[in-house]
Every structure is written in structure tokens, then in C-alpha cells.
Amino acid sequence: QIHNAYSVLWQGDCSVKNQKIILNRLLNKYENSKHLLNPGTSLRRVMLKVEKKDFPEYIYEDAVIRDAYNEAALELEKKHLVQLEWVKGRPVLSAIVLRLDQISQCYAFAERMHPKVRASQIIQLIDGGLKDVAIPWIIAWKVDVCRSAAEQLKIPVFCKTDDTPLQDLLCAFREYSALSGSITMRAFSSKCFSDTKYFERNVRDLFLRIARKYDELGEREQLAYLGIYARPELYELAGNCLVRTEQGTICIGAAPYGLALPSTLIDSITAIDLTAIQCITFIENKTNYDEYVMSEKQPGELVIYHGGFLSPQKRKLVT
């Protein structure tokens, strides 16, 4: 009797599993059809056609497999979730048709979220998570994602089934938006996630992919451009000027071929004395900068190596 009871339970579990396989295949087709975005505009049925290999699990030559799926399909029909079509005179399915008038019940039985519900959740998370963020490129991303979710029910792949990557990204966006200057990557990670390496391991690549839509920089340069750096930038300049800080004065002219100032010093600069400078030359290429400083720089000239991009701290230095 115990053996028979376990056998009945096992058969019941297999039947439910098979029902969900059938229903999930049908829902995949539904989500790729016009019925999802424009219900009522198409007369085409959403179905699995056995002869067209839509349902490869259904091996009708194998009686055990065939009968198991026949039973599962019949159970779905009893629940009014599908309609069945059979090969005439044979216990073989020819098609399983999704009941579009029972679509909510189909999603509930499959333990699957309707794309409209998921899209609405994503929009609410993004709107709520970025309501106080005013950074233009983040706002542009927000608008694009929310529009795609609302109009096409498309959401980013990274958050189709799990909110955690999106929550992490939104947290990084909020903290970045609140920055008043530059910050090391580890300090930024600690500020966001109370873990100095979490941002680099779990969020940085996604953060950069979004930022790269607006700039063609490398990873390190892109993060520095955004004000997050793995280590302090070095700003090289040569010329007869004085950099005054809260702790004292740095004479750049005392070094014949210039000096490199770390980005961490910039916030401490109170003034730059350019009294002896008549012109300023910016050079993008490091080799060209070195050669120019050693052989062509004029006495009243300040030469600055800028490296091709303007990070927040570099902007603060030169403006």
C-alpha cells in the first residue's frame, strides 16, 4: 500500500511537471506573437504543432512518453487552459492550442509572471530608485528603459527574473549622482554596498556599459571621466606657475620638465598663480607632451598633458 501511494504521488508529480512543460512552451510562443502587445488584432492561434517539431518532448512512437504527455495535456484541457487536436483514429496529439481567454490562469498555473506585470514592476523600481537623480546620461537611460518596458514590454536582460542586479545598479547611480568630487573605486563601493570590492565585482561592468553609450573611452578612463577611479589620476604640467594649497605652495617652474599632480590634491588647491604665464598649450599624446616639454616649450608657456578626456577633477584643475 505504501508503495502504491508513493507511485501515485510520483505519477502526479510527473503529470504536473509535464503540464508545465507544455504550458511554458505555449507561453513562450505567446510572448513572441502579436497577441502579447496587441491582443485581439490577430486571428492566428498560439499552438504547438507536433508534426512541426514545436513539441520535441512528445515522442509519439514511444507509448510511455506519448501517454504521459497525453494525460498531462488532457489535465490542462480539463482546467480550460488549452484545447487539444488529435490525429484521426489514433491516440496521438496533432496540436495543443493555448486558450487566450484564460491567459492569466495559464501564467498562474505555470508559476510565471506575465510580461506586463514584470514590465510594470521594473518601471516602478526605476522611477522610484532614480526620482532624485539629475545626471543627464542616467536620466536618458531611465527614459529609454521605461519607454521600452511600457510600450514594448521589453526589459533589460540582466533583470528579467532577478531584481538584485537592478537594485545594485540603481544604488550605484544614486550614490554617483550625489558625489561632489572624485572618489576611489573602493571607497565608492563601500559607500554604496558597505563592501570595498562589491562594485568592481558585481556592478562596474554594467555601469560602464550604460555609460559607454555616451562616450567611447576605455574602462579605466570611463570611470575616471565619471569621477570614480581605481587609483588617483596624475595630471602633468610644465611651466613657471605656482600652485597654492592649504598646506603651502608648489613651484611647478622649479622642475625643468614639469611635475605630476595627483587628483587627490585638486580639492586642496586654493589658487594657481599664472602671473608669469603668457599662453597655455594642451597636448593629448603623452609622447608628444614629453618631447614638446624637453625641446619646444617657451619660457612664458604652461604646457598641460590632458590624455584625451576631461574627468571631473581634471576639469576642476584646468577651469
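Here, the structure is the one placed above.
Residues numbered from 1 in each chain as written. Predicted model: local features only at pLDDT ≥ 70, side-chain atom pairs only at ≥ 80, totals over all residues. Heavy atoms only, no water.

1. What about the overall build of the chain?
Here is the rule we go by: Going along the chain from the N terminus, every DSSP run of H or I of four or more residues is numbered as a helix, and every run of E of two or more is numbered as a strand. Accessible area is worked out with a 1.4 Å probe on protein chains only. A residue is then buried under 20% of its type maximum, exposed over 50%, and partly exposed in between. Two residues qualify as a contact provided that any one of their heavy atoms is within 4.5 Å of a heavy atom in the partner residue.
Broken down by element type, the chain carries 12 helices and 12 strands. By the burial criterion, 39% of the 319 residues in the chain qualify as buried. Counting contacts in the chain only where the partners sit at least 6 residues apart, residues at least 24 apart contribute 57% of the total.

2. Quick word on the packing of aromatic side chains
Applied cut-off: Pairing of aromatic rings covers Phe, Tyr and Trp, the last counted by its six-membered ring, and requires centre-to-centre distances within 6.5 Å; plane angles under 30 degrees mean stacked, over 60 mean edge-to-face, and any other angle means tilted.
Within this structure, the stated rule accounts for 13 aromatic pairs. A ring pair is formed by W137 and F173, whose centres lie 5.5 Å apart and whose planes are at 85°; its orientation type is edge-to-face. Of this pair, W137 sits in helix α6 (residues 136–152) while F173 is found in helix α7 (residues 164–178), placing the two residues 36 residues apart along the sequence. Look at W141 and F173: their rings are 5.4 Å apart centre to centre, the planes differ by 70°, and that puts the pair in the edge-to-face class. Placement of the pair is W141 in helix α6 and F173 in helix α7, with a sequence separation of 32 residues.

3. Side note on the nonpolar core
We count it as follows: Among buried residues, those of type Ala, Val, Leu, Ile, Met, Phe, Trp, Tyr and Cys that are joined through side-chain atoms within 4.5 Å constitute a nonpolar core.
I22, I96, L98, I126, W141 and F173 are the most contacted members of the largest nonpolar core, which has 59 residues in total. If you tally residues by element for this core, the top one is α7, at 7 residues. For F173, the residues in contact, after removing those within four places along its chain, are L130, V133, W137, I138, W141, F207 and I210. Within the second largest apolar cluster, 13 residues are counted, among which are Y235, I266, I269 and I277.

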